[in-house]
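Here's the letter readout for the chains.
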Amino acid sequence: MQVQVLEESYERIKVLFEGYPRIYVNAIRRAALSLVPTMAIDDVVILENSSSFYDEVIAHRLAMVPLKTPVGKYVLPSECDCKSSLGCPRCRVLLVLDVEAGDKVRTVYSGELVSEDEDVKPISPNIPLLKLSPGQKVKLEAYAKLGRGKDHSKWQAASVSVLKSYPIIVKGKSCDNCGACVDACVKNVLSIKEGLLQIDNPLNCSLCMECVRACKSEPKGISVEEAEDKFILIIESVGSMSARDILLNAVKELISQVDKVIEGLSNVVVEVEKKG
Amino acid sequence: MMFPIRCFTCGSLIGDKYEEFKKRVQMGEDPGKVLDALGVKRYCCRRMFITNVDVIDQILPYEESVYRKGKEYQVVR
């Protein structure tokens, strides 16, 4: 059982899992998409809107803006003890937008959203939100809350979360180093060096089998197979938190869900024992 | 109406890259190469850029003329 980080940057992480069943790694992949809590604007109070946009369109555009999410600083509204519909300082952040076009057409950017908390603000200040023609005015209060991707995609922390089988590429005895497989491969996995077939970067292989099909030798001079218990998990972040944080939080969320099942089951077991 | 903030399919942020894309394509650069330079890799995000029509820019001139007319009217009165 081994986990190894193959590549890592703020927005992308590539991890190799060795010796774990596919279903467990796949559960992490799914949790990264649907369970990791992130901040997004959920309630918008529109005080004034004389723009060409409907109130709903503005609210939707605001919701799509990815916000920086400090891990662990806020709690989910469903788990907060305030039970208020607009939330309390522990479960929501207020962002204010107050813009007016002067005498020219003007674009409103996400950088003009004023946040209550410096840690929760749009990840980029250059996202165009609205366009106002002269004389138009928009004034609103927006409440950002934590949420999960399964409720709405605005809360989705990862844009890409894929599980790939680890490829095993083997050069067979019947290979005549003709180079047909090298031309067939679009991922640049293979090459011919000094007249011999080389397998350069097997991790790039997408298991498309084009090389096997292109091989003219009989039996085939190259074979590509999926490893039984080796998987590559690739997570790409939208930007609200690092890819590493998404992976760690996905595992945490998964564990807490399993804990809930254990808790529920143990209650049932106690009841059954009481009844005898 | 305006360029979407996130890609419809994968949900990654694209809104902040559109203005640069538009400017560079109008200058005569190849759209594919501009998208490569901006780091837009997947074809779901790329089609968002290529197929967008800024309808808001067609609506705003009317709004603007109504505003100017309103100002004129006030001056006459």
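Sequence order as written defines the numbering, with residues in each chain counted from 1. Ligands are numbered from 1 and chains lettered from A, in the order in which they are written. Local features in a predicted model are, by the rule used here, given only for residues with pLDDT of at least 70; side-chain atom pairs are given and counted only at 80 or more, and totals for whole chains, interfaces and linings are based on all residues. As a rule here, side-chain values cover all heavy atoms of the structure and leave hydrogens and water aside.

**Some remarks on the sheet that holds strand β12 (residues 222-237) of chain A**
Sheets are built from strands that pair by backbone hydrogen bonding, the pairs being arranged parallel or antiparallel. All names here are of chain A. The criterion for strand pairing is that DSSP finds at least two bridges linking the strands in question. Only runs of H or I of at least four residues qualify as helices and only runs of E of at least two qualify as strands under DSSP, and these elements are numbered from the N terminus. The antiparallel open sheet is built from four strands, whose spatial order is β1-β2-β12-β9. The open sheet is flanked by β1 (2-8) and β9 (158-171), the only strands paired with a single partner. Averaged over all neighbouring strand pairs, the angle between strand axes comes to 30 degrees, with direction disregarded. In the sheet, strand β2 (residues 12-18) pairs with β12 via seven bridges, with the strands oriented antiparallel. Within β12, the residue paired with F17 across the bridge is F231. Any pair of residues with heavy atoms lying within 4.5 Å of one another is described as a contacting pair. The angle between two axes is taken between their N-to-C directions and runs from 0 to 180 degrees, where each axis is a line fitted to C-alpha atoms and a helix contributes only its stretch in contact. Each of β2, β9 and β12 touches helix α1 (residues 22-34); the most contacted strand, β9, lies at about 150 degrees to it.

**Quick notes on the interface of chain B and chain A**
On the side of chain A, 32 residues touch chain B, which itself brings 23 residues to the contact. When two parts are brought into contact, each loses some accessible area as probed by a 1.4 Å sphere; the total of that loss over both is the buried area. Sorting the residues of chain B by area buried against chain A places M2, I5 and R6 of chain B first, and these three jointly supply 31% of that buried surface. Salt bridges are defined as contacts in which a side-chain nitrogen from Lys or Arg sits within 4 Å of a carboxyl oxygen from Asp or Glu. Notably, a salt bridge pairs K41 of chain B with E236 of chain A, separated by 3.8 Å at the nearest N-O pair. In protein, a polar contact means a hydrogen-donor-capable atom and an acceptor-capable atom, both N or O and within 3.5 Å, with residues adjacent in sequence counting only if both atoms are side-chain atoms; elsewhere, any N or O pair within 3.5 Å suffices. The tally of links between chain B and chain A comes to 10 residue pairs in polar contact (both at pLDDT 80 or more). For this classification, the nonpolar set comprises Ala, Val, Leu, Ile, Met, Phe, Trp, Tyr, Cys and Pro, the charged set comprises Asp, Glu, Lys and Arg, and every other residue, Gly included, is treated as polar. Here the residues of the side of chain B that touches chain A sort into 10 nonpolar, three polar and 10 charged.

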